[in-house]
Amino acid sequence: MQYDDADMHSLALCMWKEARGEGLTGMRAVAHVIKNRVGTPGFSHTLHDVIYGKNQFTSMSVPSDQEFNLIPPEGDSQFAYASAVCPSILTGDDVDPTFGAHYYENAATATSGWFARVIAGLDGYGTEGHSQTAHIGKQVFYI
């Protein structure tokens, strides 16, 4: 699959919005979740549609989300890192620290009852078919 500059920018922006407080590995992990969703049954077939799709990444698609209108300040080192690492993630040259995850949450700030019931489980260790694959910073990842 080929990706253009708009795809790269959208991926970097989503990584930055969703995980800039989670360190470089946390940002990479979010990007891998996005890539892992592309073309997977139940998800969209394009990177753009995964990033901006309904109920996917609220920082990119829900105007009431506090992150929605944020843009990285000029010279932001985390956004520069995100932009630089996107090509290797999308080509598969970057090792996936989530081990194939399709979902993630920060349990301390998550508010979705659906996510808790269907993906994370009430104990946070995953439900049948959605096992936990990694814990990176404050984020927990699930297949």
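Residues numbered from 1 in each chain as written. Predicted model: local features only at pLDDT ≥ 70, side-chain atom pairs only at ≥ 80, totals over all residues. Heavy atoms only, no water.

Enquirer: Mind showing me how you'd approach the overall build of the protein chain here?
Expert: When its secondary structure is counted, the protein chain shows 6 helices and 4 strands. Ordered by position from the N terminus, the helices and strands of the protein chain form the series α-α-α-α-α-β-α-β-β-β. Taking the principal axes of the C-alpha coordinates as reference, the protein chain spans close to 40 × 30 × 25 Å. Across the 143 residues of the protein chain, 45% fall into the buried class. When contacts within the protein chain are restricted to residue pairs at least 6 apart in sequence, long-range pairs at least 24 apart make up 61% of them. (Helix = DSSP H or I, 4+ residues; strand = E, 2+ residues; numbered from the N terminus. Buried < 20%, exposed > 50% of the residue type's maximum accessible area, 1.4 Å probe, protein only. Contact = heavy atoms within 4.5 Å.)

Enquirer: How should I be thinking about the sheet that holds strand β4 (residues 139-142) in this particular structure?
Expert: Strand pairing within a sheet occurs via backbone hydrogen bonds; the two strands may be parallel or antiparallel. Reading across the sheet, the 4 strands line up as β1-β4-β3-β2 and stay open at both edges, with antiparallel pairing between neighbours. Strands at the two margins of the open sheet, each flanked by one partner only, are β1 (103-106) and β2 (126-127). The pairing of β1 with β4 spans 4 bridges and is classified as antiparallel. Bridge assignment links Tyr-104 to a residue of β4, and that residue is Phe-141. (Pairing = 2+ DSSP bridges.)

Enquirer: Mind showing me how you'd approach the packing of helix α2 (residues 23-37) against helix α5 (residues 77-91) here?
Expert: Axes are the key here: two packed helices are described by the angle between their axes and the distance separating the axes. Here α2 crosses α5 at 40°, and the two axes come no closer than 10 Å. On the basis of the axis angle, α2 is oblique to α5. For the element pair α2 and α5, the recorded crossing hand is right-handed. On α5, the residues that touch Leu-24, Met-27, Arg-28, Ala-31, His-32 and Lys-35 of α2 are Gln-78, Tyr-81, Val-85, Ile-89 and Leu-90. When the residues that make up the contact of α2 with α5 are grouped by side-chain class, the tally is 7 nonpolar, 2 polar and 2 charged. (Axes fitted to C-alpha atoms, helices over the stretch in contact; angles between N-to-C directions. Parallel < 35°, antiparallel > 145°, perpendicular 65-115°, else oblique. Left-handed = near helix turned anticlockwise from the far one by under 90°. Nonpolar A, V, L, I, M, F, W, Y, C, P; charged D, E, K, R; others polar.)

Enquirer: Explanation requested: the nonpolar core in the structure shown.
Expert: Where a protein is soluble and globular, its nonpolar side chains tend to be buried together. In terms of nonpolar packing, the biggest core is built from 30 residues, with Leu-11, Met-15, Ile-34, Leu-47, Ile-51, Phe-57 and Phe-141 touching the most fellow members. At the level of secondary structure, the elements contributing two or more residues to this core comprise α1 (5-19), α2, α3 (47-52), α5 and β3 (130-136). The greatest single-element share of this core, amounting to 7 residues, is contributed by α1. Excluding residues that lie within four positions of it along the chain, Phe-57 makes contacts with Cys-14, Glu-18, Val-33, Ile-34, Arg-37, Val-50, Ile-51 and Tyr-104. Judged by nonpolar contacts, the second largest core, of 7 residues, contains Phe-115, Ala-120, Val-140 and Tyr-142. (Core = buried A, V, L, I, M, F, W, Y, C linked by side-chain atoms within 4.5 Å.)

Enquirer: In this structure, what is going on with the environment of Met-60? I would like to understand it.
Expert: When you line up the elements, Met-60 lands in helix α4 (residues 58-61). Exposure remark for Met-60: the relative accessible area of 6% places this residue in the buried category. If near-sequence neighbours (up to four positions away) are discounted, Met-60 is found in contact with Ser-10, Leu-13, Cys-14, Lys-17, Ile-51, Tyr-52 and Phe-68.

Enquirer: Any chance you could explain the environment of Ser-77 here in plain terms?
Expert: With respect to the secondary-structure elements, Ser-77 resides in helix α5. Sequence separation of Ser-77 and Thr-98 is 21 residues, and the distance between their C-alpha atoms is 23 Å.

Enquirer: Help me out: how do you make sense of the pattern of salt bridges in this one?
Expert: As a working rule, side chains carrying opposite charge can pair if their charged atoms are close by. For the coordinates displayed, the defined rule picks out 2 salt bridges. We note a salt bridge from Arg-20 to Glu-67, for which the minimum N-O separation is 2.7 Å. Of the two residues, Arg-20 sits in the loop between α1 and α2 while Glu-67 sits in the loop between α4 and α5, which places them 47 residues apart along the sequence. The class for Glu-67 is buried, based on a relative accessible area of 15%. When the shortest N-O distance is used, the salt bridge between Arg-28 and Asp-94 registers 2.8 Å. Placement of Arg-28 in helix α2 and of Asp-94 in the loop between α5 and β1 is noted, with a sequence separation of 66 residues between them. (Salt bridge = Lys/Arg side-chain N within 4 Å of Asp/Glu carboxyl O.)

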